[in-house]
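The primary structure of each chain is shown beneath.
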Amino acid sequence: MSHKNSLTEADVTPESIFYDRRKVLQALGLGAAALALPATSQADVLSWFKGNDRPKAPAGKALQFSQPAMYQATLPLTPEDKVTGYNNYYEFGLDKADPAANAGQLPTTPWKITIDGEVAKPMTLDMDDILKRFPLEQRIYRMRCVEAWSMVVPWIGFPLSALLNLVEPTSDARYVAFTTLYDPEHMPGQKDRFIGGGLNYPYVEGLRIDEAMNPLALLSVGLYGKTMPPQNGAPIRLTVPWKYGFKGIKAIVHIRLAKDQPPTTWNQIAANEYGFYANVNPQVDHPRWSQASERFIGAGGLLDVQRQPTLMFNGYEKEVAHLYRGMDLRANY
């Protein structure tokens, strides 16, 4: 696959945003992390970054899926090589190209997901069982990163509500908490603060139960007609298109229904910048940059990345605005 039009972070994200967001990580001592490592650990880090012996991500397998007309948006798709080659996944490094370079070492079979908590029928399912139980469909969604860049991606998956209905949530189930795989051996960012940005691992996220039950909320297992690449969250990830991309937790192994609002990774590290709801809102700026517009990553080259206005709820206002009726969206950002 050609990457001649692949973008660097400087090409897509304004330089001030690129560096300002990482001030959060530097505040945790990340800038001095390498100096604090013992000599043998420093050597391990440098060896990891060279990456000469890391396996490439396996080629995706073709999936069978339907294409419901209501989810086949007539939007220009972001080319596949840009979706798979430019993303945030700090378990594999801080640079946008690191996940594609480093995630191929992650074993994604066998894979099990446990669903428990405030449910009548807790269960653990493997991916084969999930793919047999839930018919797949393609949904073309906008994807908006909190860093003010966006894509359009043809995800393949099934409604999150279908899985939740299977376990029968109780009346005390008010939130849904998600947890990523914890595997420091294959996810170097979980082992080393220098590589993983100083985040608390495993990565955790959450939704309110009515958000999780919304028809747009998707558990994605593929994109562009094939199984999900490791760098994009294989084998299963969350897709909630009206929220900023960091809500789309990857490599899910645990879903817990809870009475109380669960912690979320970016909210823990910088609550004043990354709220629990994280709804795309052009009227509520990030403390260090505007959210009024975004750079759309399309088929063009480095010099013709399009800037466009950011849409309320990322263009899904009709489908989700009722979830937040009466809420102060500046306080509940």
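Values in this document were obtained by computation on a predicted structure and should not be read as measured data.

Novice: How should I be thinking about the overall build of the protein in this particular structure?
Specialist: Looking only at helices and strands, one finds 13 helices and twelve strands in the protein. For the protein, buried positions account for 54% of its 333 residues. Once local pairs closer than 6 in sequence are excluded, the contacts in the protein between residues at least 24 apart make up 75%. Surface summary for the protein: the accessible area is close to 14700 Å², and the carbon and sulfur share equals 53%.

Novice: Looking at this model, I keep getting lost on the sheet that holds strand E6 (residues 204-208). Mind explaining?
Specialist: Strand pairing in a sheet is mediated by backbone hydrogen bonds. Such pairs are either parallel or antiparallel. Reading across the sheet, the five strands line up as E2-E1-E10-E5-E6 and stay open at both edges, with mixed pairing between neighbours. Since the sheet does not close on itself, it has two edges, and those belong to strand E2 (123-126) and E6, each with one partner. Averaged over all pairs of adjacent strands, the angle between their axes in this sheet comes to 15°, without regard to strand direction. In terms of strand pairing, strand E1 (residues 112-117) meets E2 through four bridges, oriented antiparallel. Residue pairing in the sheet places Lys112 in a bridge with Asp126 of E2. Sheet contacts for helix H8 (residues 160-167): E1, E2, strand E5 (175-180), E6 and strand E10 (252-258); angle to E2, the most-contacted strand, approximately 135°.

Novice: I'm lost on the pairing of E6 in this one. Help?
Specialist: Within a regular strand, the side chains alternate between the two sheet faces. By the criterion of burial, E6 is predominantly enclosed, with five of the five residues buried. What you see with E6 is no split at all: Val204, Gly206 and Arg208 on one side and Glu205 and Leu207 on the other are buried throughout. Both E5 and E6 contribute to a ladder of five bridges, which runs antiparallel. The partner of Phe178 across the bridge, within E6, is Glu205.

Novice: I keep staring at H8 and nothing clicks. Help me out?
Specialist: In an α-helix, one turn spans 3.6 residues; hence positions three or four apart end up facing the same way. Taken together, the buried positions of H8 are occupied by Leu160, Ser161, Leu163, Leu164 and Val167. Buried residues of H8, viewed axially, fall in a sector of 160°; they line one side. Glu168, located one to two residues past H8, shows a positive phi value of around 60°.

Novice: What is the right way to read the environment of Gln308 from this model?
Specialist: On the secondary structure map, Gln308 appears in strand E12 (residues 306-309). What makes Gln308 partly exposed here is its relative accessible area of 26%. Distance from Gln308 to Ser293, taken between C-alpha atoms, is 5.6 Å for residues 15 residues apart in sequence. When residues no more than four places from it in sequence are discounted, the contact partners of Gln308 are Ser150, Ser293, Glu294 and Phe296.

Novice: I keep staring at the pattern of salt bridges and nothing clicks. Help me out?
Specialist: Between side chains of opposite charge, a pair can form when the charged atoms approach closely. Scanning the model with the defined rule gives eleven salt bridges in all. The closest approach of N and O atoms between Glu137 and Arg139, which form a salt bridge, is 2.7 Å. Grouping residues by exposure puts Glu137 and Arg139 together as buried. Here Arg174 and Asp260 are joined by a salt bridge, their closest N and O atoms 3.9 Å apart. On the criterion of sequence distance, the pair formed by Arg174 in the loop between H8 and E5 and Asp260 in the loop between E10 and helix H12 (265-269) is long-range, its members being 86 residues apart. On the basis of relative accessibility, which here comes to 52%, the residue Asp260 falls in the exposed class.

Novice: I'm lost on the environment of Ala292 in this one. Help?
Specialist: Mapped onto the elements of the fold, Ala292 is located in the loop between H12 and strand E11 (293-296). The spacing of Ala292 and Met312 is 20 residues in sequence and 9.5 Å in space, taken between C-alpha atoms. Discounting residues that sit within four places of it in the chain, Ala292 has contacts with Pro282, Asp285, Pro309 and Thr310.

Novice: I would appreciate a short explanation of the nonpolar core in the present structure.
Specialist: Side chains of nonpolar character tend, in soluble globular proteins, to be buried together. Membership of the largest hydrophobic core comes to 80 residues, with the highest contact counts inside it found for Trp242 and Ile255. In terms of residue count, strand E4 (residues 149-159) provides more of this core than any other element does, six residues in total. With near-sequence residues (within four places) excluded, Ile255 lies in contact with Ile113, Thr114, Ile115, Asp116, Leu163, Leu164, Val176, Ala177 and Phe178.

Novice: Would you mind going over the pairing of strand E7 (residues 218-223) with me for this structure?
Specialist: Here E7 lies mainly inside the structure; six of its six residues are buried. Across five bridges, the pairing between E4 and E7 is antiparallel. Along E7, the bridge assignment pairs Phe158 with Leu219. Sheet topology places E7 next to strand E9 (residues 237-239); three bridges connect them, and they run antiparallel. In the sheet register, Leu218 faces E9, and the bridge partner there is Thr239. A loop of two residues connects E7 with strand E8 (residues 226-227), the two strands running antiparallel in sequence, and Tyr224 in this loop sits at a positive phi of about 50°.

Thresholds applied
- Residues numbered from 1 in each chain as written.
- Predicted model: local features only at pLDDT ≥ 70, side-chain atom pairs only at ≥ 80, totals over all residues.
- Heavy atoms only, no water.
- Helix = DSSP H or I, 4+ residues; strand = E, 2+ residues; numbered from the N terminus.
- Buried < 20%, exposed > 50% of the residue type's maximum accessible area, 1.4 Å probe, protein only.
- Contact = heavy atoms within 4.5 Å.
- Areas by Shrake-Rupley, 256 points an atom, 1.4 Å probe, with all protein chains shown as cover.
- Pairing = 2+ DSSP bridges.
- Axes fitted to C-alpha atoms, helices over the stretch in contact; angles between N-to-C directions.
- Arc of directions from axis to C-beta.
- Salt bridge = Lys/Arg side-chain N within 4 Å of Asp/Glu carboxyl O.
- Core = buried A, V, L, I, M, F, W, Y, C linked by side-chain atoms within 4.5 Å.

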